[in-house]
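So the chains spell out like this:
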Amino acid sequence: MRRLLFFFATTALCAQTSADELISRMTSAYSNLTAIRIAAVREDELAAVGNSQVSSSEYDFAVRGRERVRLMAKQSGQEVWLVSDGEATWKASSTEKKWARMNVASVDSDDEDEEASEPQQDFRGSAQHFLIGRMVAIGKLARGAVLVKEDTYKLDKERIACGIVRVRIGANVNELWIDKNRGFVLQAVQTGKVNAGGREGQVKITMKVKRLEVGDAVPDSLFAFTAPKGWSETEMIVLPMEERAQLTGQRAAGFTLKALDGNEMSLAGLRGKVVVMDFWATWCPPCRKELPELEKLHKELSAEGVVFVGVNNEDTGTVKGFVSKNSYAIPVLLDSKREVHRRYGVRAIPTLFIVDREGTIRQHFIGSRSQEQIRAAILEVAKR
């Protein structure tokens, strides 16, 4: 009897260890990505008393480094696109048969420390969280993972050996088909309870991967946009979840950050002046192109009561070296935790805000502008 009990205890322990190993492998795979392309189908099922709904959508998402991205999302036969090569970003919609180009670099999503439930994000951030970020979050939050069984998953024409792991995060149960070799999740099913119109319901979200390429297998050609025949160019395309992206007319959110010289600077302390806030990064080509123009305006307009500040989330050494090399005098505030970036909804750079003397945002630019355009916008605000 003792041998039998020992056998069962050992078997359970081995199963638990195997689940933990798979979770660890999964977390490492998604945390150390250099490039990835995932084509997947998402299906949402909501079941409540007297109400049952099913919706599906498709994603084709690719990312290389922090600045190159390609995202196509399809729902109800309609497609929307976001493509960035690091210097320019294109947005397109099959509904309007139009596309727009902006001199802006798309910023990588910053949600690895979010809970596994989907946070409020923009178009790219939502897709990246669903396909990648939540796997990292589950790995960090997972406790008591259980290996349900082992099976194979058909990906293209290949059968991939998977371990099926069940993890509970809060009120949600996640069942993950984890590639035993590479650690990527090929199928994920999340179930939980929701409040649907005052009634308790059950939600089930299923993700199935149809295509997966990693590292050098992701071609550079993905990060270029060619408009379909018959589509026309327009000045602006608003993608899903971007409807509230513009902050013009809203009160500027207060903050206090340390500058490169170690002194703190607060937005409240600049009240009574026109403040030009530029969110930028050293790796961003449109930012590097625009910074010399802002530096000239800084020297020109400082005597008019206009204050320029840069906001950067990179490490101090990188920023300090870049600023010193280029002899920039604009104060740079360090937002290493991206708290101010999130507060202002910055998902692409450069992003420029012009705040009036009373603390209201009067201009909100996403993407680089000419010196003449920026000067005109600043002077318009200064006249108020």
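Residues numbered from 1 in each chain as written. Predicted model: local features only at pLDDT ≥ 70, side-chain atom pairs only at ≥ 80, totals over all residues. Heavy atoms only, no water.

Caption draft 1: Quick look at the nonpolar core. I23, M26, L131, V165, V185 and M207 are the most contacted members of the largest nonpolar core, which has 51 residues in total. For this core, the element with the most residues is helix α2 (residues 123-141), which contributes eight residues. Residues within four places of V185 in sequence aside, it is in contact with M26, Y30, M135, L176, W177, I178, M207 and V209. Counting 35 residues, the second-largest nonpolar core is a separate cluster that includes W283, V311, L333 and L334. (Core = buried A, V, L, I, M, F, W, Y, C linked by side-chain atoms within 4.5 Å. Buried < 20%, exposed > 50% of the residue type's maximum accessible area, 1.4 Å probe, protein only. Helix = DSSP H or I, 4+ residues; strand = E, 2+ residues; numbered from the N terminus. Contact = heavy atoms within 4.5 Å.)

Caption draft 2: The packing of aromatic side chains, seen in detail. For the structure shown, the criterion picks out 10 aromatic pairs. Ring centres of Y30 and F184 lie 5.2 Å apart, and the angle between their planes is 90°; this geometry places the pair in the edge-to-face category. With Y30 in helix α1 (residues 2-31) and F184 in the loop between β10 (172-179) and β11 (185-196), the pair connects residues that are 154 residues apart, well separated along the chain. Here Y30 and F184 have matching classes, each one buried. Geometrically, the ring pair formed by Y153 and W177 is edge-to-face, given 6.3 Å between the ring centres and 65° between the ring planes. Note that Y153 is positioned in strand β8 (residues 146-155) and W177 in strand β10, a separation of 24 residues in sequence. Residue Y153 is classed as buried on the basis of its relative accessible area, which comes to 8%. Site record: aromatic cluster; members linked through ring pairs are F255, F279, Y344 and F353. The ring of F130 has R42 sitting right over it, with the charged end atom 4.3 Å from the ring centre. (Phe/Tyr/Trp six-rings, centres within 6.5 Å; stacked < 30°, edge-to-face > 60°. Lys NZ or Arg CZ within 6 Å of the ring centre and 35° of its normal.)

Caption draft 3: Representation of the packing of helix α3 (residues 285-301) against helix α6 (residues 371-382) within the structure. Where α3 meets α6, the axes come as close as 10 Å, and the angle between the chain directions of the two elements is 40°. Compared by their axis directions, α3 and α6 come out oblique. Crossing geometry of α3 relative to α6 is assigned as right-handed. Contacts from E290, E293, L294, K296, L297, E300 and L301 in α3 reach Q371, I374, R375, I378 and L379 in α6. Class assignment for the residues of the contact of α3 with α6 results in six nonpolar, one polar and five charged. (Axes fitted to C-alpha atoms, helices over the stretch in contact; angles between N-to-C directions. Parallel < 35°, antiparallel > 145°, perpendicular 65-115°, else oblique. Left-handed = near helix turned anticlockwise from the far one by under 90°. Nonpolar A, V, L, I, M, F, W, Y, C, P; charged D, E, K, R; others polar.)

Caption draft 4: Expanded view of α2. Helix geometry: α2 is bent most strongly at H129, by close to 60°. Within α2, 17 of the 19 residues are buried, leaving the element largely enclosed by the surrounding structure. (Bend = angle between axes of the 7 residues up to and from the residue.)

Caption draft 5: Summary view of unusual backbone geometry. Cis geometry is adopted by the peptide bond preceding P350, which originates at I349 and carries an omega value of 0°. Structurally, P350 is set in the loop between β19 (348-349) and β20 (351-355). Backbone geometry at K97 places phi at a positive 55°, although glycine is not the residue there. Relative to the helices and strands, K97 resides in the loop between β5 (89-93) and β6 (98-102).

Caption draft 6: Structural view of the sheet that holds strand β15 (residues 264-266). Strand order in the open sheet formed by seven strands is β15-β14-β18-β17-β16-β20-β21, with mixed pairing between adjacent strands. For this open sheet the edge positions go to β15 and β21 (361-366), each flanked by a neighbour on one side alone. Pairwise comparison of adjacent strand axes, ignoring direction, gives a mean angle of 30° for this sheet. Sheet analysis places strand β16 (residues 274-279) next to β20, joined by five bridges and oriented antiparallel. Paired with V275 across the strands is V355, a residue of β20. Packing of α3 onto the sheet brings it into contact with β16, β17 (306-312) and β20, and relative to β17 it is tilted by some 150°. (Pairing = 2+ DSSP bridges.)

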